[in-house]
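Given next are the chains, with one letter for each unit.
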Amino acid sequence: RAITCLANIRLKFIANVLKILRSFNKYKKNRYIFAKILIISFLFQNNIVWVVKIYCIALSISIDVRTLYVIVPLIYMIEALPISINGFGIREGSFVFFFLQVGQTVEQALAVSVLVIGMRYLISVSIGGSLFLGLWFGAESKKPMKKVTG
């Protein structure tokens, strides 16, 4: 039974890999879509690097933006690995490892890491909470009013 279960997991994994490869083939045929995806990806990564640079400036950490262009995408790629819940621990360890390589301290790396995740959650909760409250109270105001007879 365990062998059958492992075989099913392996087959599902292979099926998912094949699915991804087929989707790449679709993009190969339509270079315009592929170019758009690359441009959007580049802009997104550029934005992330500059946000981290702003966090470093706010924390008085002197680190070159060219260095951040190398290490920030690596940190985010490592964080995305499915080896922890939401990258906790992995992200912090990655920041520490790469910041130590470029002459920063453990404390500086952890400060940037905590600021990155803290701001990510703060912004997400603010936007999501505002939308939720807007929908909640918007639905309340659309309820028909009862007639008061007296």
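Residue positions are given per chain, counted from 1 along the sequence in the order it is written. Where local features are concerned, this predicted model is filtered to residues with pLDDT of at least 70; where side-chain atom pairs are given and counted, the filter is 80 or more; whole-chain, interface and lining totals use all residues. Side-chain numbers here rest on the full set of heavy atoms in the structure, without hydrogens or water.

Asker: Residue-level account of the overall build of the protein, with values.
Answerer: A run of H or I in DSSP counts as a helix once it spans at least four residues, and a run of E counts as a strand once it spans at least two, with each numbered from the N terminus. Broken down by element type, the protein carries 5 helices and 0 strands. Each helix and strand of the protein, placed in order from N terminus to C terminus, yields the pattern α-α-α-α-α. Here the protein, with 150 residues, has 19% of them falling under the buried criterion. Note on contacts: a residue pair is in contact if any heavy atoms of the two residues lie within 4.5 Å. In the protein, of all internal contacts separated by at least 6 residues, the share reaching a separation of at least 24 is 44%. Approximately 11,800 Å² of the protein is accessible, and the part contributed by carbon and sulfur atoms is 71%. We call a residue buried when its accessible area falls under 20% of the maximum for its residue type, exposed when it is over 50%, and partly exposed in between, using a 1.4 Å probe and counting protein chains only. Surface accessibility follows the Shrake-Rupley procedure with a 1.4 Å probe radius. Residue values consider only the protein chains on display as shielding.

Asker: With reference to specific residues and values, describe the environment of Ser 94.
Answerer: Here Ser 94 shows up in helix H4 (residues 90-101). Its relative accessible area of 6% is what places Ser 94 among the buried residues. Excluding its chain neighbours within four sequence positions, the residues that come into contact with Ser 94 are Ile 75 and Ile 78.

Asker: Quick rundown of H4? Include the residues and the values.
Answerer: Taking 1.5 Å of rise per residue, the 12 residues of H4 would be expected to cover 16 Å, and the 16 Å separating its terminal C-alpha atoms lies within 8% of that figure. Within the span of H4, buried status applies to Arg 91, Glu 92, Ser 94, Phe 95, Val 96, Phe 98 and Phe 99. Two residues or fewer past H4, Gly 103 is found with a positive phi of approximately 90°. In a helix, the anticipated span is given by 1.5 Å times the number of residues less one.

Asker: Give me the pattern of salt bridges: which residues, what numbers.
Answerer: Pairs can form between side chains of opposite charge whenever their charged atoms are close. By definition, a salt bridge exists where a carboxyl oxygen of Asp or Glu is found within 4 Å of a side-chain nitrogen of Lys or Arg. The final tally for this structure, using the stated rule, is 4 salt bridges. Notably, a salt bridge pairs Glu 79 with Arg 91, separated by 2.4 Å at the nearest N-O pair. Of the two residues, Glu 79 sits in helix H3 (residues 65-79) while Arg 91 sits in helix H4, which places them 12 residues apart along the sequence. Each member of the pair, Glu 79 as well as Arg 91, carries the same accessibility label: buried. Ionic pairing is found between Arg 91 and Glu 92, a salt bridge with its closest N-O pair at 3.4 Å. Residue Arg 91 shares its accessibility class with Glu 92, and that shared class is buried. Bridged by salt links that share partners, the residues Glu 79, Arg 91, Glu 92 and Arg 120 form one connected network.

Asker: Provide a residue-level description of the environment of Arg 91, including the pertinent values.
Answerer: By relative accessible area, Arg 91 is classed as buried at 0%. Residues Arg 91 and Glu 79, 12 residues apart in the sequence, show an inter-C-alpha distance of 5.2 Å. For Arg 91, the contacting residues outside a window of four places in its chain are Ile 75, Glu 79, Asn 86, Ser 113, Ile 117 and Arg 120. There is a polar contact of 2.4 Å between the side chain of Arg 91 and the side chain of Glu 79. In terms of polar contacts, Arg 91 uses its side chain to reach the backbone carbonyl oxygen of Asn 86, at 3.3 Å. Any pair of N or O atoms that falls within 3.5 Å is considered a polar contact. Within protein, one atom must be able to donate a hydrogen and the other to accept it, and sequence-neighbouring residues count only if both atoms are side-chain atoms.

Spatial relationships are all this shows, so hold off on functional conclusions.
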